[in-house]
Amino acid sequence: MQVLQMQMEVRPDPAEVSRARRWARSRLAGSGIGVDEPLAETLILLISELVTNAVVHTGCPAVLRMLFPAQGDGGGSGAGGRGPGSGTVRVEVADASGRAPRRRCAGEEATNGRGLELVDGLADRWGWHPEGAGKRIWCEVDRSTREGHGVHGSHEEPVLTGHTGSHVPS
């Protein structure tokens, strides 16, 4: 399987979140995902949440990485078809903090504390694993399950693997 990989370095500054969103939007067209597709909006929101978590909760620089199946490569996912509508898109954020990501219980009036809940609800899979002195948090969206659906997808029984502990993806 061929993979198109793009990455950017993120400084520990809240302004980096909007820069990461702009950067990701500019890279979507080259991956075969139109910026007006629902999948694009889902990916931008996931990127925003993961980068925000890295910037706000670690105070460390991070690396944002997007991995796409190469054009015409189904990536082994979906309904077995080939072409731009199939495959899995993976988003990763690696940082130098050894602190594990954790879900917080946000109150109804809280304006933050829901990032990992959003990741859990929007991604088909997510997790994290230690890497050197830091960690890598990742999420995946299956393109073939998102076609023709809104930002939140349409799976009746979501396939989610959110973790509060260390997890090495299979």
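Worth saying up front: this structure is predicted, and the values here are computed from it rather than measured. (Residues numbered from 1 in each chain as written. Predicted model: local features only at pLDDT ≥ 70, side-chain atom pairs only at ≥ 80, totals over all residues. Heavy atoms only, no water.)

### Looking at the sheet that holds strand E4 (residues 125-131)
Next up, step 1: Judged by pairing direction, the sheet is antiparallel, and its 5 strands sit side by side in the order E1-E2-E3-E5-E4 without closing on themselves. Strands with a single pairing partner mark the edges of an open sheet, and in this sheet they are strand E1 (3-10) and E4. The sheet shows a mean angle of 15° between the axes of neighbouring strands, direction not considered.
Next up, step 2: Direction of pairing for E1 relative to strand E2 (residues 62-69): antiparallel, over a ladder of 8 bridges. Residue pairing for E2: Met-6 is matched across the bridge by Met-66. (Pairing = 2+ DSSP bridges. Helix = DSSP H or I, 4+ residues; strand = E, 2+ residues; numbered from the N terminus. Axes fitted to C-alpha atoms, helices over the stretch in contact; angles between N-to-C directions.)

### Quick notes on the packing of helix H2 (residues 38-58) against helix H3 (residues 115-122)
Next up, step 1: Two elements in contact, H2 and H3, have axes whose closest approach is 9 Å; the angle formed by their N-to-C orientations is 150°. By the criterion of interaxial angle, the relationship of H2 to H3 is roughly antiparallel. Between H2 and H3 the crossing geometry is left-handed. Taken together, the residues of H3 that come into contact with H2 (itself represented by Thr-42, Leu-45, Leu-46, Glu-49, Leu-50 and Asn-53) are Gly-115, Leu-116, Leu-118, Val-119 and Leu-122. (Parallel < 35°, antiparallel > 145°, perpendicular 65-115°, else oblique. Left-handed = near helix turned anticlockwise from the far one by under 90°. Contact = heavy atoms within 4.5 Å.)

### A closer look at the nonpolar core
Next up, step 1: Core analysis: the biggest nonpolar cluster contains 35 residues, and Val-51 and Leu-64 have the highest contact counts within it.
Next up, step 2: Contributing elements (two or more residues each) for this core: E1, helix H1 (15-31), H2, E2, strand E3 (88-95), H3, E4 and strand E5 (134-142).
Next up, step 3: Counting residues per element, this core draws most heavily on H2, which supplies 10 residues.
Next up, step 4: Val-51 has contacts with Val-10, Glu-16, Val-17, Ala-20, Leu-64 and Val-93, leaving out every residue within four places of it along the chain. (Core = buried A, V, L, I, M, F, W, Y, C linked by side-chain atoms within 4.5 Å. Buried < 20%, exposed > 50% of the residue type's maximum accessible area, 1.4 Å probe, protein only.)

### Quick notes on the confidence of the model for the protein chain
Next up, step 1: When pLDDT is averaged across the protein chain, the result is 77; 68% of the residues are at 70 or more.
Next up, step 2: Confidence drops under a pLDDT of 50 for residues 73-85, and excluding neighbours within four residues, the segment shows 25 contacts in the predicted structure.
Next up, step 3: Within the model, the stretch residues 148-170 combines pLDDT values under 50 with 41 contacts to residues more than four positions away or in other chains. (pLDDT = per-residue confidence, 0-100.)

### Comments concerning the packing of H1 against H2
Next up, step 1: Look at H1 against H2: their axes get within 9 Å of each other, and the N-to-C directions meet at 150°. In terms of their interaxial angle, H1 and H2 are classed as roughly antiparallel. Our pair here, H1 against H2, has a crossing hand that is right-handed. Side by side, H1 and H2 meet where Glu-16, Val-17, Ala-20, Arg-21, Ala-24, Arg-25 and Leu-28 of the first sit next to Ala-40, Glu-41, Leu-43, Ile-44, Ile-47, Ser-48, Val-51, Thr-52 and Val-55 of the second.
Next up, step 2: Considered class by class, the residues forming the contact of H1 with H2 number 10 nonpolar, 2 polar and 4 charged. (Nonpolar A, V, L, I, M, F, W, Y, C, P; charged D, E, K, R; others polar.)

### Looking at the environment of Trp-23
Next up, step 1: For Trp-23, the position within the fold is in helix H1.
Next up, step 2: Separated by 16 residues in sequence, Trp-23 and Gln-7 place their C-alpha atoms 9.4 Å apart.
Next up, step 3: Trp-23 has contacts with Met-6, Gln-7, Met-8, Leu-64 and Met-66, leaving out every residue within four places of it along the chain.

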